[in-house]
Amino acid sequence: MDVFLEQEPSAAPLPPSAPCYEQDYVCWLTEQVQLLRDRCFMQLDLENLIEELEGQVRAEKNALRNRLRVLLAHLLKFHFQAQRKSASWVETIVEQREQIDSLLEKSPSLKRTAEETMEWAYPRAVRKASKETGLPEAAFPVTVPYTYAQVLDHDFYPEQV
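Residues numbered from 1 in each chain as written. Predicted model: local features only at pLDDT ≥ 70, side-chain atom pairs only at ≥ 80, totals over all residues. Heavy atoms only, no water.

It is worth spelling out the side chain of Gln81 at this point. Examined against the element boundaries, Gln81 turns out to sit in the loop between helix H2 (46-80) and helix H3 (87-106). In this structure the side chain of Gln81 is engaged in a polar contact, spanning 3.3 Å, whose partner is the backbone oxygen of Thr133. Once residues lying within four places of it in the same chain are set aside, the contact partners of Gln81 are Leu76, Trp89, Thr133 and Leu135. (Helix = DSSP H or I, 4+ residues; strand = E, 2+ residues; numbered from the N terminus. Polar contact = N/O pair within 3.5 Å; in protein donor to acceptor, adjacent residues only side chain to side chain. Contact = heavy atoms within 4.5 Å.)

This next bit is on the confidence of the model for the chain. When pLDDT is averaged along the chain, the result is 88; 87% of the residues meet or exceed 70. Within the chain, the element-level pLDDT minimum falls on helix H1 (residues 25-37), averaging 92, and the maximum on H3, averaging 96. For the stretch residues 1-12, pLDDT sits under 50, and the model shows 13 contacts to residues farther than four places along the chain or on other chains. (pLDDT = per-residue confidence, 0-100.)

With the rule as written, the count across this model stands at three salt bridges. A salt bridge links Lys106 to Glu60; its shortest N-O distance comes to 3.5 Å. Placement of the pair is Lys106 in helix H3 and Glu60 in helix H2, with a sequence separation of 46 residues. When its relative accessible area of 57% is taken as the criterion, Lys106 is described as exposed. Linking Glu132 and Lys77 is a salt bridge whose minimum nitrogen-to-oxygen distance equals 2.6 Å. Placement of Glu132 in helix H4 (residues 111-133) and of Lys77 in helix H2 is noted, with a sequence separation of 55 residues between them. The exposure class of Lys77 is buried, given its relative accessible area of 5%. (Salt bridge = Lys/Arg side-chain N within 4 Å of Asp/Glu carboxyl O. Buried < 20%, exposed > 50% of the residue type's maximum accessible area, 1.4 Å probe, protein only.)

What follows is about the environment of Ala139. Topologically, Ala139 is positioned in the loop between H4 and helix H5 (148-152). Looking at Ala139, the relative accessible area reads 33%, which means it is partly exposed. Expressed as a C-alpha distance, the spacing of Ala139 and Val126, which sit 13 residues apart in the sequence, is 9.3 Å.

Let us now look at a nonpolar patch on the surface. Where nonpolar side chains cluster on the molecular surface, the patch consists of Tyr25, Val26 and Leu29 and spans about 250 Å² of accessible area. With respect to the helices and strands, Leu29 occurs in helix H1. (Patch = residues over 30% accessible without salt bridge, like charges linked within 9 Å, V, L, I, M, F, W, Y side chains within 5 Å. Areas by Shrake-Rupley, 256 points an atom, 1.4 Å probe, with all protein chains shown as cover.)

Rolled over the atoms, a probe as big as a water molecule pinpoints where empty space is left. Of the voids in this model, the largest pocket is the one considered here, and its volume is about 150 Å³. Elements that contribute at least two residues to the lining of the largest pocket include exactly H2 and H4. Counted by class, the lining of the largest pocket contains three nonpolar, three polar and three charged residues. (1 Å grid on protein atoms, 1.4 Å probe; cavity = no way out; pocket = protein on both sides within 12 Å on 5 of 7 lines; lining within 4 Å. Points joined across faces, edges and corners; volume = space filled by probe spheres on them. Nonpolar A, V, L, I, M, F, W, Y, C, P; charged D, E, K, R; others polar.)

Before going further, it helps to spend a moment on the packing of aromatic side chains. Describing an aromatic ring pair means giving the distance of the ring centres and the angle of the ring planes. Applying the stated criterion to the full structure yields six aromatic pairs. Ring geometry for Tyr25 and Trp28: centres 6.1 Å apart, planes at 20 degrees, overall stacked. In this pair, Tyr25 and Trp28 both sit in helix H1, three residues apart, roughly one turn of the helix. Ring plane angle 45 degrees and centroid distance 5.3 Å describe the contact between Phe78 and Tyr157, whose orientation is recorded as tilted. One end of the pair, Phe78, is in helix H2; the other, Tyr157, is in the segment after H5, with 79 residues separating them in the sequence. For Tyr157, a relative accessible area of 25% gives the class partly exposed. Counting every residue linked through ring pairs, the aromatic cluster contains Tyr21, Tyr25 and Trp28. Stacked on the ring of Trp120, the Lys or Arg Arg65 has its end atom at 4.4 Å from the ring centre. Arg97 extends its terminal NZ or CZ atom over the ring of Tyr157, reaching a point 5.3 Å from the ring centre. (Phe/Tyr/Trp six-rings, centres within 6.5 Å; stacked < 30°, edge-to-face > 60°. Lys NZ or Arg CZ within 6 Å of the ring centre and 35° of its normal.)

Set out below in structure tokens:
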């Protein structure tokens, strides 16, 4: 049976007392979930649901970008200031790789754009590494000096320059 046939075609919009997206977000979400479960599709707040879903997609992509930026910055610091490397740098590298693994496991479709995302993140990682090390941005390669596989490889740590 088609799910759309399970709802009465004359379903009325939500009553004025229904939770408003702007007034009580959690209550609104709870109501939207219940409407979906009850298959009351005509009563859904589609405009805001679509906005929320698009926002969630952006948030997942941004999480990957930011994790790659931090990971690349720490790999650069490890590489170009090896004499100053610390346990916290290694821990940050480990943590970012684990979080990226988790993101890609949860959302395998992000793998399709992960290498492009790494290219986007690299110049930002250079700026971050430059600020944190005191080295000029020109001290770092113009393009990513590591392969995508190396960046995500839990056993890879760059050699000292």
